[in-house]
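# Observations on the three-dimensional arrangement
This is what each chain is made of:
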Amino acid sequence: IDEYLIDCYLITAENMGIDATLIFNKSDIEHDADKLHNMADYYRSLGYSVIETSVETGIGIDTLTEQLKGNTNIFVGQSGVGKSSLIQLLLPDQDIQVGALSAATGLGSHTTTTTILYHFPNGGDLVDSPGVREFSIWRYNEIELRQGFKEFLVKSEACKFNNCRHLTEPNCAVKAAIDCGEIAPWRLRHYKKMLTEAAENELLP
Ligand code: GDP
Ligand code: ZN
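Attention in this report is confined to the structure presented alongside it.

### A look at the coordination of the zinc ion (ligand 2)
- On the protein side, the zinc ion (ligand 2) has Cys159 (SG), Cys164 (SG), His166 (ND1) and Cys172 (SG) as donor atoms, found 2.1 to 2.4 Å from it.
- Considering all 4 donor atoms around the zinc ion (ligand 2), the spread of angles at the metal, 104 to 114°, places the coordination shape in the tetrahedral class.

And the structure:
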């Protein structure tokens, strides 16, 4: 699992006003179950829905179907996690190209640019194209980044400085929350990495 990528997508969703659901697919495959469940619980505590699925065994597909109902959805995530397989399962009448992207070159040189709106048989829509599935434009400024980390936003009211960056400032409530285990340390790590990338982006034309 690319945990950093998860947070990048979540920060994007927060800033775009999109409700995000996390799908942990391939749950039939052996994995670090403890770590996965810890992560799932943490994201649930922030208010996100987390669904474990498997295209192989069908686990979680009913829950996912329910979640998609009544919404316009997009599936995003890195190549190979099973997005097209899930979409094919949910849209049995459509011919979704499973593995099409990775099979071409692994680099997405297979560029289908058409974006299609599908209707799920049980309700809900899907906006889809390979470009949509792997979109990765996050160019947010510091303030937007901090707003995307929901639990920081709540805690930061107790930071000594109201423009606290949660880096080296004294009496930072976010750091205090990490020290006492209320905020997951990886969230601050990802925030710092995003800050660095945002700073690098600002140097670009
Ligand atoms: P995408 O790049 O995210 O669209 O991923 P694909 O749907 O192309 O899936 C990549 C590979 O993972 C394919 O070989 C799928 O058959 C396989 N796959 C997808 N979902 C599952 C799953 O739930 N369990 C297992 N074991 N394999 C899966
Ligand atoms: Zn702070």
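### A closer look at the site of ligand 1
- What surrounds ligand 1 is a group of 17 residues, the closest being Asp28, Val55, Gly80, Ser84 and Ser85.
- Here an oxygen atom of ligand 1 sits 2.6 Å away from a polar atom, N or O, in the side chain of Ser85.
- About the coverage of ligand 1: the protein hides 78% of its 580 Å² of free accessible area.
- Taken together, the residues of the shell around ligand 1 sort by class into 4 nonpolar, 9 polar and 4 charged.

### Some thoughts on the pattern of salt bridges
- Under the defined criterion, the tally for this structure stands at 10 salt bridges.
- The partner of Lys150 in a salt bridge is Glu14, and the shortest N-O contact between them spans 3.8 Å. Pair noted here: Lys150 is in helix H8 (residues 150-155) and Glu14 is in helix H1 (residues 3-16), with a separation of 136 residues, a long-range link.
- Residue Asp41 is joined to Arg44 by a salt bridge in which the shortest nitrogen-to-oxygen separation is 3.7 Å. With Asp41 and Arg44 both in helix H2 (residues 33-45) and 3 residues apart, this pair spans about one turn of that helix.
- The class of Asp41 is partly exposed, set by a relative accessible area of 47%.
- A relative accessible area of 41% means that Arg44 is categorised as partly exposed.
- Through salt bridges with shared partners, a single network forms among Asp7, Glu151 and Arg187.

### Brief notes about the nonpolar core
- With 39 residues, the main nonpolar core has Leu22, Phe24, Tyr43, Leu145 and Val174 as its most contacted residues.
- Going through the elements one at a time, H1, strand E1 (21-24), H2, helix H9 (173-179) and helix H10 (185-202) are the ones with two or more residues in this core.
- Counting residues per element, this core draws most heavily on H1, at 8 residues.
- With residues up to four places along the chain from it excluded, the contact list for Leu22 reads Ile6, Leu10, Tyr43, Tyr48, Ser49, Val50 and Ile51.
- Grouped together as the second largest cluster of nonpolar side chains are 13 residues, Leu68, Ile87, Leu90 and Ile96 included.

### Focus: unusual backbone geometry
- For Lys26, which is not a glycine, the phi torsion comes out positive at approximately 60°.
- Note on placement: Lys26 falls in the loop between E1 and H2.
- Lys26 gets classed as partly exposed once you look at its relative accessible area, which sits at 34%.
- One non-glycine residue with positive phi stands out, namely His166, at about 60°.
- Relative to the helices and strands, His166 is located in the loop between H8 and H9.
- Among the residues examined, His166 registers a relative accessible area of 1% and is labelled buried.

### Here we look at the packing of aromatic side chains
- One pass over the structure, following the stated rule, counts 7 aromatic pairs.
- Relative to Trp186, the ring of Tyr42 has its centre 5.2 Å away and its plane inclined at 65°; by these criteria the two rings are edge-to-face. Of the two residues, Tyr42 sits in helix H2 while Trp186 sits in helix H10, which places them 144 residues apart along the sequence.
- With a relative accessible area of 12%, Tyr42 lands in the buried category.
- For Trp186, a relative accessible area of 19% puts it in the buried group.

So, how was this worked out
- The numbers attached to residues start from 1 for each chain and follow its sequence in the written order.
- To read the labels, note that chains go from A and ligands from 1, taken in the order they are written.
- Under the rules for a predicted model, residues below a pLDDT of 70 receive no local features and side-chain atom pairs below 80 are neither given nor counted, while totals for whole chains, interfaces and linings still include all residues.
- Working from all heavy atoms in the structure, the side-chain values ignore hydrogens and water.
- Coordinating donors are taken as N, O and S atoms within 2.8 Å of the metal, stretched to 3.2 Å for Na, K and Ca; because water is absent from the atoms, sites can appear incomplete.
- Only four donors with every angle between 85 and 135 degrees are called tetrahedral; only four or six donors with opposite donors over 155 degrees apart and all others between 65 and 115 are called square planar or octahedral, in that order; all others are irregular.
- Whether a residue is near a molecule or strand depends on its heavy atoms: it is near if one of them lies within 4 Å of it.
- For the purposes of these results, a polar contact is taken to be a pair of N or O atoms within 3.5 Å, where, inside protein, one atom must be able to donate a hydrogen and its partner to accept one; residues adjacent in sequence count only when each atom of the pair is a side-chain atom.
- Each accessible area value is a Shrake-Rupley result obtained with a 1.4 Å probe; residue values ignore everything except the protein chains displayed when judging cover.
- Side-chain classes are defined by residue name, with Ala, Val, Leu, Ile, Met, Phe, Trp, Tyr, Cys and Pro counting as nonpolar, Asp, Glu, Lys and Arg as charged, and the others, Gly among them, as polar.
- Each salt bridge in this description consists of a side-chain nitrogen of Lys or Arg and a carboxyl oxygen of Asp or Glu lying within 4 Å of one another.
- In DSSP terms, a helix is any run of H or I states spanning at least four residues, a strand is any run of E spanning at least two, and both are numbered starting from the N terminus.
- Partly exposed describes any residue whose relative accessible area lies between the buried limit of under 20% and the exposed limit of over 50%, with all areas from a 1.4 Å probe on protein chains only and scaled to the type maximum.
- We call a set of buried residues a nonpolar core when its members are Ala, Val, Leu, Ile, Met, Phe, Trp, Tyr or Cys and they connect through side-chain atoms within 4.5 Å of each other.
- When checking whether two residues touch, look at their non-hydrogen atoms; a contact exists if any pair is within 4.5 Å.
- Aromatic pairs are defined between Phe, Tyr and Trp rings, using the six-membered ring for Trp, whenever the two ring centres lie within 6.5 Å; interplanar angles under 30 degrees are classed as stacked, those over 60 as edge-to-face, and all others as tilted.

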